[in-house]
Amino acid sequence: MLKILSGDQVKELDRIHIQNAGISSHELMERAALSFISWWKSMEFPKNLPVFVFCGAGNNGGDGFAIARLLFKEGWEVQVFRCFEEGSVLSADAQKNLDWVPEGVLIYDWKEFNSSREGLLIDSFLGVGLKSPIRNSAVPIIECMNSFPGTKISIDLPSGLLADSPTFGPRVKADFTVTFAFPKLALLFPENSSFSGKMVLADIGISESEYASFPTSYFFLQEKDILSRHRVFGQFAHKGDFGKVALVAGSKGKMGAAILCSKAALRTGSGLVTAFVPEDERGIIQSAVPEVMCEFDENTDWNKFDALGVGPAIGLDKKDLLQDILKACSKPIVLDADAITLIASNQDLISLIPKNSILTPHLGELERLIGKSTDHLDRLMKVKEFCMKWQLNLLIKGAYSVLSLVDGRQLFNSSGTQYMATAGAGDVLTGMLTSFLGQGYAPENALICGVYHHGKAGELAGQQNRRSTIASDISENIGKTYTLLNVL
Ligand SMILES: NC(=O)C1=CN([C@@H]2O[C@H](COP(=O)(O)OP(=O)(O)OC[C@H]3O[C@@H](n4cnc5c(N)ncnc54)[C@H](O)[C@@H]3O)[C@@H](O)[C@H]2O)[C@@H](O)CC1
Ligand SMILES: Nc1ncnc2c1ncn2[C@@H]1O[C@H](COP(=O)(O)OP(=O)(O)O)[C@@H](O)[C@H]1O
Ligand SMILES: [K+]
């Protein structure tokens, strides 16, 4: 799994790679520029537009000079805007790339930029080299770039954004950020999304083994990490092997939650799914999902199930039931929605939750559970502490959902789309996670597979339906994610 390093560790990573690959730092910069160009080509920007490249004096600027040269070679009209005084000392690789800027590319001072011209703007002013809030002299340069209404693409980081700590000063508001080697932590924070735009990860040929010596608790979960986490079932498998799960969900007026999570559990592959619902409401779910069985007796033996998912729309009057379930269960379970709100307001319940269980709060539920956070970094630290203290897994839901594990690792999920921000998407996830647990997956693998496939199913649903996507569409696409990832 790809490690997310801090901005400070980039130089050391480069040094290791340069040594291993037997290339120069300048060649590595060229690779970064070439990787950017291959993304650029995939975007099919209109060729009649000129490209304005803002370059700083460090290696981020060096990337910009190299990109300017390569785009010019591809036939684009390119202009470079210098974000430093003429005669300044540049980093060695930036100077070399400045020297290589072809004659057809005109170089101007940033103050000469006319922001009302149509074009495409590339921001390679400041990258991970920025360690403190930007100097006053740099503020107008960022304001100048932000005054440009067209598409802005930041290289590695939007200039002004600190790589891994909260930023308060001005920063470029990019439409895209093409970041090299690994996602810089700040690009994954919700509060920075209006600055980073869409993040694009550009490979520059550094292998994961070269990250081995770096300590970090942050990881980026990608498609290549998923298949090996799945269990393989043989030709003679029977429905018992695929697990018997129960979902405690739904209440009068909110039976949809029970339908969504039970159906998602079936679609994820559970052999037998029981919905534990109010008896008076059973007709709704039994006609909507005939494959699902129902139970109503609160004194049932909860341990007869291979896995339990508890919480979607059960109502906040179900504290006693929740407490009974937590006391009775010996195996890890999935807790979502109202179950989390109940636990948040009855914190003595936390110690009853079976170790290694999975909690899936959205930001509102999380705040009820662990209190307010000043920013996402603070939130990550608080959640990590919570998970390690109680030996629980917790998912912070949203774009780049964070899978916070019992041992302190925090994995940022790369699948998903804004079209999943729709009622019941979380209920579908609860069904999926419960299903994987019931199929005998270790909680960590159930969480990884559940969250990744949920996001992928959401992407497929979103491609077909865009903003008309509803939670049922996510469920209907779970099967396609198995085909896509070649899960048997
Ligand atoms: N492995 C990688 O990730 C690679 C990274 N490369 C690039 O190299 C960049 C890092 O380069 P550098 O370490 O030279 O750093 P940067 O180019 O990000 O920043 C250094 C520049 O920032 C200015 N600066 C520093 N603090 C400032 C402040 N408080 N206010 C205003 N200006 C300030 C300095 O004067 C200097 O001009 C990356 O972001 C990336 O773009 C690529 O060239 C090659 C491979
Ligand atoms: N912008 C987004 N990008 C990616 N995933 C998202 C986004 N918004 C929501 N999601 C996902 O959709 C699900 C929503 O869950 P939740 O908020 O519990 O919804 P509900 O309570 O309506 O079921 C989560 O898995 C979340 O990660
Ligand atoms: K930049």
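Counting starts from 1 at the beginning of each chain's written sequence and moves along it residue by residue. Ligands are numbered from 1 and chains lettered from A, in the order in which they are written. Restriction of local features to residues with pLDDT of at least 70 applies here, the model being predicted, together with a cutoff of 80 or more for giving and counting side-chain atom pairs; totals for whole chains, interfaces and linings are based on all residues.

(A) Inspection of the overall build of the protein at higher detail. The number of helices and strands found in the protein is 16 helices and 18 strands. Only C-alpha atoms enter the radius of gyration, while the globule expectation follows 2.2 Å times N to the 0.38, with N the number of residues. Here the C-alpha radius of gyration of the protein, 25 Å, is about what a compact globule of 488 residues would show, namely 23 Å. Once the C-alpha set of the protein is aligned to its principal axes, its extents read approximately 80 × 45 × 40 Å. Residue burial in the protein is summarised as follows: out of 488 residues, 49% are buried. We call two residues in contact whenever the C-beta atoms placed from their backbones are within 7 Å. Long-range pairs, those at least 24 residues apart, make up 72% of the contacts in the protein with a sequence separation of at least 6. For the purposes of this entry, the term helix denotes a DSSP run of H or I that reaches at least four residues, the term strand denotes a run of E that reaches at least two, and both are numbered from the N terminus. Working definition of burial: number of other C-beta atoms within 10 Å of the residue's own, with buried at 20 or more, exposed at 12 or fewer, and partly exposed in between, all C-beta atoms being placed from the backbone.

(B) Expanded view of helix H7 (residues 255-268). Given a rise of 1.5 Å per residue, 14 residues ought to cover 20 Å, and the 20 Å separating the end C-alpha atoms of H7 matches this to within 8%. The buried count for H7 comes to 14 of 14 residues, which makes it a mostly enclosed element. Phi turns positive, to about 125°, at Gly-269, one or two residues after H7. Here, expected helix span is obtained from the residue count minus one, scaled by 1.5 Å.

(C) A look at the site of ligand 1. For each residue, a C-beta atom is placed from the backbone, and the residue is labelled near a molecule or strand when this atom is within 6 Å of it. If you check the shell around ligand 1, you find 29 residues, and the closest are Gly-58, Asn-59, Asn-60, Gly-127 and Gly-129. For the shell around ligand 1, the secondary-structure elements that each account for two or more residues are helix H1 (10-21), helix H2 (25-43) and helix H3 (59-73).

(D) Up close: the pairing of strand E11 (residues 272-276). Here E11 lies mainly inside the structure; four of its five residues are buried. Strand pairing requires that DSSP identify at least two bridges connecting the strands. Pairing geometry for strand E10 (residues 244-248) and E11, over five bridges, is parallel. What sits directly across from Leu-247, in E11, is Ala-275. By the criterion used throughout, a crossover qualifies as right-handed when its path from the first strand across the helix to the second strand runs clockwise, the strands pointing away from the viewer. After leaving E10, the chain enters H7 and then returns to the sheet as E11, a path that is right-handed. Bridge analysis of E11 against strand E12 (residues 293-295) gives three bridges, and the strand direction is parallel. Opposite Thr-274, over in E12, you have Met-293 as the bridge partner. Regarding the hand of the β-α-β motif, the stretch spanning E11, helix H8 (residues 282-288) and E12 is right-handed.

(E) Representation of the site of ligand 2 within the structure. The environment of ligand 2 is made up of 17 residues, and the closest members are His-362, Ala-399, Gly-416, Ala-421 and Gly-426. A per-element tally of the shell around ligand 2 places helix H13 (residues 425-438) first, with four residues. When residues are grouped by polarity, Ala, Val, Leu, Ile, Met, Phe, Trp, Tyr, Cys and Pro land in nonpolar, Asp, Glu, Lys and Arg in charged, and all others, Gly among them, in polar. Taken together, the residues of the shell around ligand 2 sort by class into six nonpolar, nine polar and two charged.

(F) Just the sheet that holds E11, in detail. A sheet is described by the order of its strands in space; here 11 strands give the open sequence E1-E9-E18-E17-E16-E15-E14-E13-E10-E11-E12, paired in mixed fashion. Bordering the open sheet on either side are strand E1 (2-3) and E12, each of which pairs with just one other strand. Both strand E15 (residues 358-360) and strand E16 (residues 393-396) contribute to a ladder of two bridges, which runs parallel. What sits directly across from Ile-358, in E16, is Asn-393. Axis definition: a line fitted to C-alpha atoms, limited for helices to the stretch in contact. Angles are taken between N-to-C directions and run from 0 to 180 degrees. Docked against the sheet, helix H12 (residues 376-390) engages E16, strand E17 (402-404) and strand E18 (410-413), running at close to 160° with respect to E16. Packing against the sheet, helix H14 (residues 443-465) makes contact with strand E9 (218-221), E15, E16, E17 and E18, and its axis sits at approximately 15° to E16.

(G) Structural detail: unusual backbone geometry. Backbone geometry at Ala-181 places phi at a positive 70°, although glycine is not the residue there. The residue Ala-181 is located in the loop between strand E7 (176-180) and helix H6 (193-196) in this model. Classification of Ala-181 as buried rests on a count of 23 C-beta atoms within 10 Å. Non-glycine residue Asn-486 carries a positive phi angle of around 60°. Within the element layout of this structure, Asn-486 appears in the segment after helix H16 (478-484). When the 9 C-beta atoms within 10 Å are taken as the criterion, Asn-486 is described as exposed.

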